Amino acid sequence: QVRLVESGGGLVQAGGSLRLSCAASGNTVSINYMGWFRQPPGKQRELVARISSSGSTTYADSVKGRFTISADNAKNTVYLQMRSLRPEDTAVYYCNGLRYHGPDYWGQGTQVTVSS
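Report on the accompanying structure. Per chain, the residues get numbers from 1 upward, laid out in the order the sequence is written. Totals for whole chains, interfaces and linings use every residue, but because this is a predicted model, local features are given only for residues with pLDDT of at least 70 and side-chain atom pairs only at 80 or more, for both listing and counting. For the side-chain quantities, the full set of heavy atoms in the structure was used; hydrogens and water were omitted.

Our next topic: the nonpolar core. We define a nonpolar core as any set of buried Ala, Val, Leu, Ile, Met, Phe, Trp, Tyr and Cys residues linked to one another through side-chain atoms lying within 4.5 Å. Accessibility here uses a 1.4 Å probe with only protein chains present; expressed as a share of the type maximum, an area under 20% marks a residue as buried, one over 50% as exposed, and anything in between as partly exposed. Residues W36, L80, M82 and Y93 are the most contacted members of the largest nonpolar core, which totals 27 residues. Runs of E in the DSSP output that reach at least two residues are strands. Runs of H or I that reach at least four are helices, and both are numbered from the N terminus. Counting only elements with at least two residues in this core, the list comes to strand 1 (2-7), strand 3 (18-26), strand 4 (33-39), strand 5 (46-52), strand 7 (67-72), strand 8 (77-82), strand 9 (91-98) and strand 11 (110-115). The contacts of Y93, once residues within four sequence positions are left out, are E6, L20, W36, F37, R38, V48, F67, L80, M82, G109, T110 and V112. We call two residues in contact whenever any of their non-hydrogen atoms come within 4.5 Å of each other.

Structure, rendered in structure tokens:
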């Protein structure tokens, strides 16, 4: 089993920055990708960014150039640095652990609110 715990959400003005953290514990060697998803109010959950165990990254078009995903393997922690935040970035952000063989792991979510 793996436990994912997010932190770092909050309220920020448009143009501001936030850094989200996701601390993983348990059998993390089973995870192939770590990522961040978000679910805006009244909308479906969507992929924001993902990082593989080898360090390759993928971003949603809407966040390219503004968000950066990184991992500290020694700390089993994944970060999402968010800059130039926009009101449309407002959402609950979820940490995700994807496995090739088995269901995904999810954190409990952290709220990010960007005011205009």
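Right, let's talk about the pattern of salt bridges for a bit. What counts as a salt bridge is simple: a side-chain nitrogen of Lys or Arg found within 4 Å of a carboxyl oxygen of Asp or Glu. Under the counting rule described, the total for this entry stands at four salt bridges. Note that R38 and D89 form a salt bridge whose closest N and O atoms lie 2.9 Å from each other. Linking R38 in strand 4 with D89 in the loop between strand 8 and strand 9, this pair joins segments that are 51 residues apart in sequence. Residue R38 is classed as buried on the basis of its relative accessible area, which comes to 5%. One salt bridge connects D89 with R66, and the closest N-O pair in it is separated by 2.8 Å. On the criterion of sequence distance, the pair formed by D89 in the loop between strand 8 and strand 9 and R66 in the loop between strand 6 (57-59) and strand 7 is long-range, its members being 23 residues apart. Here D89 matches R66 in class, with each residue buried. Three or more residues are tied together by salt bridges with common partners; here these are R38, E46, R66 and D89.

As far as function goes, none of this settles anything; it's purely spatial.
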